[in-house]
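What the coordinates show
Single-letter residue listing:
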Amino acid sequence: MRSLRIFFPATILAAGLAFSLSAADKDKKEATSKDAPRPSYEMPQPEKESLDLAVYQSIREEALTHSHIMEYASGLMDGIGPRLTGSANLKHANEWTRDQFTAMGCSNAHLEDWGEFGMGWQQLNTWVRMTSPDAAVFIAQAAPWSPATKGPVTAPAMWVNIKEEADFPKYKGKLAGKIVFLGEMREVKPVDKPLFTRDEDADLKRIQEYPTNQPNNFSFATFLKTLAFREKIGHFLADEQAVAAITPSRDGRNGGGSGGTIFDDTGAGFGWLIYQREHANALPVAVTAIENYGRVYRLLKAGVPVSIELNIDTKFIGDHEHGFDTIAEIPGIDPKLKDEVVMVGGHLDSWASATGATDNGAGSVVAMEVMRILNALQVKPRRTIRVGLWTGEEQGEFGSYGYVKQHFGFVPRSNAPDQQNVTEYDRDPSGPIQLKPDHQKLSAYFNLDNGSGKIRGVYLQGNAAIAPIFAQWIEPLKDLGVATLTMRDTGGTDHEAFDAVGLPGFQFIQDPLDYGSRTHHSNMDTYERLQPEDLAQAALVEATFVYNAAMRDQMLPRKPIPHPELEPKRTQPLRNVMPGAETKD
């Protein structure tokens, strides 16, 4: 999941609630033979879902009694390891997942190229230690896409705090030969709340409720532009001939970013687009535990000279590496429906400081287990079931957006000069959505990317028509803890690519566990943080949703096609509202 998740409020609907079709829907007339056939998702939906409870039970037994999910998890996390986009490890993971899908009985397992990404990179070794006034070993790793030092280097430490361009002159001529400790020392509060939690009834009720106050003050594009200033800082330090930079780890939820946990993503380096050669980190940079950073900070503030020794050993693998998604299928058999598709997936890429277990190895192996379960049960779906394991998610959801753009449609994006430091799919829209013929053939996409916690419900992404359907689907799953439906949007991961062009894309609600507190993008994101029973439950639930969507008579209902290009006009203040006010152009 990307560094920042964006949650937009919406309504929640409790599972099991009775829903009825509106009178308007009931009164809709059937299309005449002279009319063009309407796609089934536009037709009135049945009030009662036809559920095969025998298949529910078979999926439950296979998922819980014969689970192989932790074998997939160990193969991916232990056998392959971190999977930074553009890296050799991610290429290995693409090929391994493709071969696993073939081995379990899927058809057409292959890799799809979504385009050029940038530089491949690997961390080989990083260590940082203080050599005076005392000897101390630090917890540290290279920031992603950091260049290497020329072997071990020892240099005086200097604390630098640059918040704006006006701060540059005060450090001019003072940084040559220094290891720069960059940034303010944050407060480290006691860990007085649990780092590992599950959603209680009150938490789920809060997710359920639709807040009428819907502030949306966060802009990811603005955040990216802020990071562009970090790029300027990196170039300034390099121009001043600093040896390297050390940055402090950010905090996690409930104070989880302490006690040896470090978060290591683009926030640790010098900008967002550091994977592109023209925006590369200008000097070696590592992130260290806040306690290690704090010791040096306090010594320097007290006027005590500090000497640091470090070695950042990394390598780059090409400047124009491409990104690939892993795709595989269980073909549909219904002559009328087999060309329609139900999709399931998650992102395969990760950060490099651990093995990417909860973000998002968990979602990847759950999707793999879903396909294994359905193959093991030899289901014969009416629609084709397709899995997609995306890459480039952490840098901009490139894999899923690229796949959707190639197959279903896309939003034209601005090429204005002020948009050039913004990732492609975060740029301002420049026109209405461009749809492709297969846009009418996708029934739904189901995504998992909130860690290792079991599924508690579904974010409906504002799709009210889906609520009565999912309410019936989860009724037989309530004993597994699945009971919450919400109209809320949730963002920051790959279902957004589908939702952005008006396709039904859904992310599941999961127990938080220690995802936000200590595993998301951290050095603790390892196999040990995975919860086997939770993952087995998630595979069970996701397999059930996928099966139901593939077997029902109609495709799942959709929201109206969005018009992001109209958003600036829609948010402008109304004109000529105040009586007596002068009209302004």
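None of these values were measured; they are calculated from a predicted model.

1. Re the overall build of the protein chain
Scanning the protein chain for helices and strands turns up 15 helices and 19 strands. Relative to the globule expectation of 25 Å for 585 residues, the C-alpha radius of gyration of the protein chain, 25 Å, shows essentially globular dimensions. For the protein chain, buried positions account for 57% of its 585 residues. In the protein chain, of all internal contacts separated by at least 6 residues, the share reaching a separation of at least 24 is 85%. Accessible area for the protein chain stands at about 24,900 Å²; split by element, carbon and sulfur atoms hold 51% of it. Across the protein chain, 60 positive and 76 negative side-chain charges occur, with their mean positions spaced 3 Å apart.

2. Some thoughts on helix α14 (residues 532–551)
Over its 20 residues, α14 extends 29 Å from the first C-alpha to the last, a length consistent with the 28 Å expected when each residue adds 1.5 Å. Taken across its 20 residues, α14 has 17 buried, putting it largely inside the fold.

3. A few points about the pattern of salt bridges
Within this structure, the stated rule accounts for 31 salt bridges. Of the charged contacts in the structure, one is a salt bridge between Arg 38 and Glu 42, with a shortest N-O distance of 4.0 Å. Assessed through its relative accessible area of 30%, Arg 38 is described here as partly exposed. Judged by relative accessible area, which is 38%, Glu 42 ranks as partly exposed. Residue Arg 372 is joined to Glu 62 by a salt bridge in which the shortest nitrogen-to-oxygen separation is 2.9 Å. Placement of Arg 372 in helix α8 (residues 357–376) and of Glu 62 in helix α2 (residues 53–65) is noted, with a sequence separation of 310 residues between them. As far as burial versus exposure is concerned, Arg 372 and Glu 62 are alike and both buried.

4. Focus: the nonpolar core
Within the largest apolar cluster, 70 residues are counted, with the highest numbers of intra-cluster contacts made by Phe 101, Leu 374, Phe 446, Phe 470 and Phe 545. Top contributing element to this core by residue count: α14, with eleven residues. What Phe 101 contacts, discounting residues up to four positions off in sequence, is Cys 106, Ala 109, Thr 326, Ala 328, Met 368, Met 371, Val 387 and Leu 389. One finds Leu 84, Val 306, Tyr 401 and Phe 498 within the second-largest nonpolar core, a separate group that totals 59 residues.

5. Concerning the confidence of the model for the protein chain
Here the protein chain averages 93 in pLDDT, and 93% of its residues register 70 or above. For the stretch residues 4–33, pLDDT sits under 50, and the model shows 77 contacts to residues farther than four places along the chain or on other chains.

6. Quick look at the side chain of Asn 281
By the element assignment, Asn 281 lies in the loop between β8 (244–248) and β9 (285–288). A residue is classified by how much of its surface remains accessible, and Asn 281, at 6% relative accessible area, is buried. Among the polar contacts listed, one links the side chain of Asn 281 to the backbone oxygen of Trp 145, at a separation of 3.1 Å. For Asn 281, the residues in contact, after removing those within four places along its chain, are Pro 144, Trp 145, Ser 146, Pro 147, Gly 269, Phe 270 and Ile 274.

7. Thoughts on the packing of aromatic side chains
As enumerated under the stated definition, the model contains 29 aromatic pairs in all. Grouping aromatic residues by their ring pairs yields a cluster made of Trp 114, Phe 117, Trp 145, Tyr 275, Trp 351, Phe 398, Tyr 401 and Tyr 425. The ring of Phe 410 has Lys 405 sitting right over it, with the charged end atom 5.5 Å from the ring centre. Of note, Arg 558 hangs over the ring of Tyr 41, and the distance from its end group to the ring centre comes to 3.7 Å.

8. Some remarks on the environment of Leu 535
Within the fold, Leu 535 resides in helix α14. On the basis of relative accessible area, Leu 535 is assigned to the buried category, the value being 0%. In the structure, Leu 535 is positioned 466 residues away from Ile 69 in sequence and 7.3 Å away in space, judged by C-alpha atoms. Discounting chain neighbours no more than four positions away, the residues touching Leu 535 are Ile 69, Met 70, Ala 362, Val 366, Ser 452 and Leu 530.

9. Here we look at the packing of α8 against α14
Packing of α8 against α14 brings their axes to within 8 Å, and their N-to-C directions diverge by 55°. Our classification of the angle between α8 and α14 gives oblique. In this structure, the crossing between α8 and α14 has a hand that is right-handed. In contact with Ala 362, Val 366, Ala 367, Glu 369, Val 370, Ile 373 and Leu 374 of α8, α14 contributes Leu 535, Ala 538, Ala 539, Glu 542, Ala 543, Val 546 and Tyr 547.

10. So, unusual backbone geometry
A cis geometry characterises the amide bond from Ser 132 onward to Pro 133, with omega recorded as 15°. Here Pro 133 is to be found in the loop between β3 (107–132) and β4 (136–137). At the junction of Asp 359 and Asn 360, the peptide bond is cis and its omega measures out at -10° in the coordinates. By the element assignment, Asn 360 lies in helix α8.

11. Some thoughts on the side chain of Gln 395
For Gln 395, the location among the structural elements is in helix α9 (residues 393–396). Polar side-chain contacts of Gln 395 include one of 2.9 Å to the side chain of Thr 85. The contact partners of Gln 395, leaving out residues within four places of it in the chain, are Leu 84, Thr 85, Phe 117, Trp 145, Trp 272, Tyr 275, Asp 349, Trp 351 and Thr 423.

12. Observations concerning the pairing of strand β19 (residues 505–510)
When you tally the buried positions in β19, you get six out of six residues, the bulk of the element. Alignment of strand β15 (residues 442–447) against β19, held across three bridges, turns out to be parallel. Across the sheet, residue Tyr 445 finds its bridge partner in β19, namely Gly 505. Where strand β16 (residues 455–459) lies against β19, four bridges are found, and the strand directions are antiparallel. Bridged to Tyr 459 within β19 is Gln 507.

Quick notes on the rules
Residues numbered from 1 in each chain as written. Predicted model: local features only at pLDDT ≥ 70, side-chain atom pairs only at ≥ 80, totals over all residues. Heavy atoms only, no water. Helix = DSSP H or I, 4+ residues; strand = E, 2+ residues; numbered from the N terminus. Rg over C-alpha atoms; globule rule 2.2 N^0.38 Å. Buried < 20%, exposed > 50% of the residue type's maximum accessible area, 1.4 Å probe, protein only. Contact = heavy atoms within 4.5 Å. Areas by Shrake-Rupley, 256 points an atom, 1.4 Å probe, with all protein chains shown as cover. Lys, Arg positive; Asp, Glu negative; His and termini not counted. Charge placed at Lys NZ, Arg CZ, Asp CG, Glu CD. Expected span 1.5 Å × (residues − 1). Salt bridge = Lys/Arg side-chain N within 4 Å of Asp/Glu carboxyl O. Core = buried A, V, L, I, M, F, W, Y, C linked by side-chain atoms within 4.5 Å. pLDDT = per-residue confidence, 0-100. Polar contact = N/O pair within 3.5 Å; in protein donor to acceptor, adjacent residues only side chain to side chain. Phe/Tyr/Trp six-rings, centres within 6.5 Å; stacked < 30°, edge-to-face > 60°. Lys NZ or Arg CZ within 6 Å of the ring centre and 35° of its normal. Axes fitted to C-alpha atoms, helices over the stretch in contact; angles between N-to-C directions. Parallel < 35°, antiparallel > 145°, perpendicular 65-115°, else oblique. Left-handed = near helix turned anticlockwise from the far one by under 90°. Pairing = 2+ DSSP bridges.

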